[in-house]
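Read off the chains here:
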Amino acid sequence: MRTRADNLKAFQDQSWNAMYEIAREYYITHGDLAVPSNYVTPAGDRLGAWLVRQRRIREGKQTGKLDAERIEKLDAIGMSWLDLGEERWNRNFRALRAYYEQHGDLLINRLYETDEGLKLGGWLSNLRNYRKSGIKSNYLTDDRIRALDELGMRWDVLDYLFERNYAAAVEYHRKHGDLNVPTHYIDENGIRLGVWIANLRTHYRKNTLRLSEDQIRRLNELGMLWSGKFQGDWDRAYEEAARYWKDHGDLSVPSRYKTESGLALGAWVARQRDFWKAGRLSEDRKQKLDALGMAWVKNPWGEKYALLEAYYREHGDLRIPADYVVEGVWLSRWMYTQIGKLNGKGKPLTEEQLKMLEALKNITPEPDNECPEITAEQFAKFKKVSSKK
């Protein structure tokens with residue numbers, strides 16, 4: 001005759017076997033028993049809590065029956081006797097070690113996933129946040145921190161990356177004397193220094209730069225141009241333009257003119273006009289050029305007059321050879337065309353143009369050149385300018 005104890009045992013065995021079948025079906029479907037503790041099957045069975053109970057019984061933390069036969073059956077369907085959090089830690093740490101062995105560091109992008117779909121980048125980012133904030137110390141234990149340190153963990157990635165890249169910047173400055181690093185530049189250690197410098201400048205312009213005052217100071221000591229290399233080039237060209245203006249009184253720079261340093265100043269001034277017309281010249285730059293008397297609307301007559309003026313400065317007279325051509329301008333023909341206009345041939349000259357021609361009589365030539373008077377034949381027509389005023 002069955003006793004109450006026998007009936008209870010039979011019921012317990014039946015209940016355990018029923019939950020085991022549910023666990024086995026889960027394993028067949030998912031390939032593991034990595035079930036959250038609060039997991040409930042679609043049928044309402046608390047599989048997560050049941051698996052936690054089996055672990056606790058085996059650890060001796062809870063009473064219940066879990067003999068060798070049951071352990072063997074659970075092992076057969078992939079039961080992990082570790083706590084789920086412990087199991088996840090071990091799985092992630094194994095993947096982290098594999099990443100380190102392949103890449104030599106743990107500088108993993110936050111969105112990085114392994115081939116198996118493990119979100120390793122997000123996990124590592126969370127660990128850094130846990131360490132920084134001091135939360136979840138029961139998960140990120142001292143032993144786990146030591147294990148990560150031994151693997152080469154960088155807890156403050158931004159500081160580490162700055163020091164690594166800054167060292168590369170110092171070496172570049174030692175070799176080149178500046179930080180005008182091409183964007184595509186990669187040093188011998190594989191550091192993408194050009195991209196790093198470009199990103200710093202972008203964040204600086206957007207006011208999103210995450211550097212300390214000391215870090216900014218150290219970069220400034222290397223000659224960092226926060227506005228970029230092109231801003232530095234523009235400023236240097238502007239200085240040349242200012243010198244030209246000081247020497248000549250205007251920015252009527254011949255198109256092929258080059259400075260002593262080799263800068264194609266004529267072409268540079270022309271580009272500024274093109275940028276202004278296209279709406280691509282900043283107001284700050286426009287104001288600087290305005291201060292030098294920049295003529296924004298191209299003036300072909302004025303440019304040719306500048307060539308005539310330059311010829312007179314150099315030669316001291318206007319005895320221009322009939323076949324003389326400079327910068328594509330047949331200068332003698334152009335000069336006599338202007339004389340023709342003074343005689344009423346063709347489109348009349350403007351008042352400003354008349355004044356400019358009259359002023360040509362008073363130009364001081366270069367010191368090394370003899371300065372004879374302009375002959376009556378050459379300037380007879382130009383002298384009529386005064387009578388027309």
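Below you will find a few notes about this structure. This is a predicted model, so every value here is computed, not measured.

### A short note on the overall build of the protein
Check the secondary structure of the protein and you find 17 helices and two strands. Across the 389 residues in the protein, those meeting the buried criterion constitute 35%. When contacts within the protein are restricted to residue pairs at least 6 apart in sequence, those whose partners lie at least 24 apart make up 51%. Just so you have it, the protein exposes about 24,600 Å², and 49% of that area is on carbon and sulfur atoms.

### Notes on the pattern of salt bridges
In the structure shown here, the tally under the stated rule is 15 salt bridges. The residue Asp143 makes a salt bridge to Arg146 at a minimum N-O spacing of 2.2 Å. Of the two residues, Asp143 and Arg146 are both situated in helix 6 (residues 142-150); the distance of three residues between them amounts to about one turn of the helix. Given a relative accessible area of 55%, Asp143 falls into the exposed group. Note that Arg174 and Glu171 form a salt bridge whose closest N and O atoms lie 2.6 Å from each other. Pair noted here: Arg174 and Glu171 are both in helix 7 (residues 157-176), with a separation of three residues, about one helical turn. On the basis of relative accessibility, which here comes to 58%, the residue Arg174 falls in the exposed class. Salt bridges here are not isolated pairs; linked through shared partners, they connect Glu163, Asp214, Arg217, Arg218 and Glu221.

### A short note on the packing of aromatic side chains
Inspection of every chain in the model, using the stated rule, returns 15 aromatic pairs. Considering the side-chain rings of Tyr130 and Tyr139, the 6.4 Å spacing of their centres and the 90° angle between planes classify their relative orientation as edge-to-face. On the basis of relative accessibility, which here comes to 19%, the residue Tyr139 falls in the buried class. Their ring planes at 70° and their centres at 5.1 Å tell us that Tyr244 and Tyr257 sit as a pair that is edge-to-face. Here Tyr244 is found in helix 10 (residues 229-248), whereas its partner Tyr257 is found in the loop between helix 10 and helix 11 (265-277), with 13 residues between them in sequence. With relative accessibility at 29%, the residue Tyr257 sits in the partly exposed group. A network of ring pairs unites the aromatic residues Trp89, Phe93, Trp123, Tyr130 and Tyr139 as a single cluster. Over the face of the ring belonging to Trp155 we find Arg131, whose NZ or CZ atom lies 4.7 Å from the ring centre.

Definitions and limits used
Residues numbered from 1 in each chain as written. Predicted model: local features only at pLDDT ≥ 70, side-chain atom pairs only at ≥ 80, totals over all residues. Heavy atoms only, no water. Helix = DSSP H or I, 4+ residues; strand = E, 2+ residues; numbered from the N terminus. Buried < 20%, exposed > 50% of the residue type's maximum accessible area, 1.4 Å probe, protein only. Contact = heavy atoms within 4.5 Å. Areas by Shrake-Rupley, 256 points an atom, 1.4 Å probe, with all protein chains shown as cover. Salt bridge = Lys/Arg side-chain N within 4 Å of Asp/Glu carboxyl O. Phe/Tyr/Trp six-rings, centres within 6.5 Å; stacked < 30°, edge-to-face > 60°. Lys NZ or Arg CZ within 6 Å of the ring centre and 35° of its normal.

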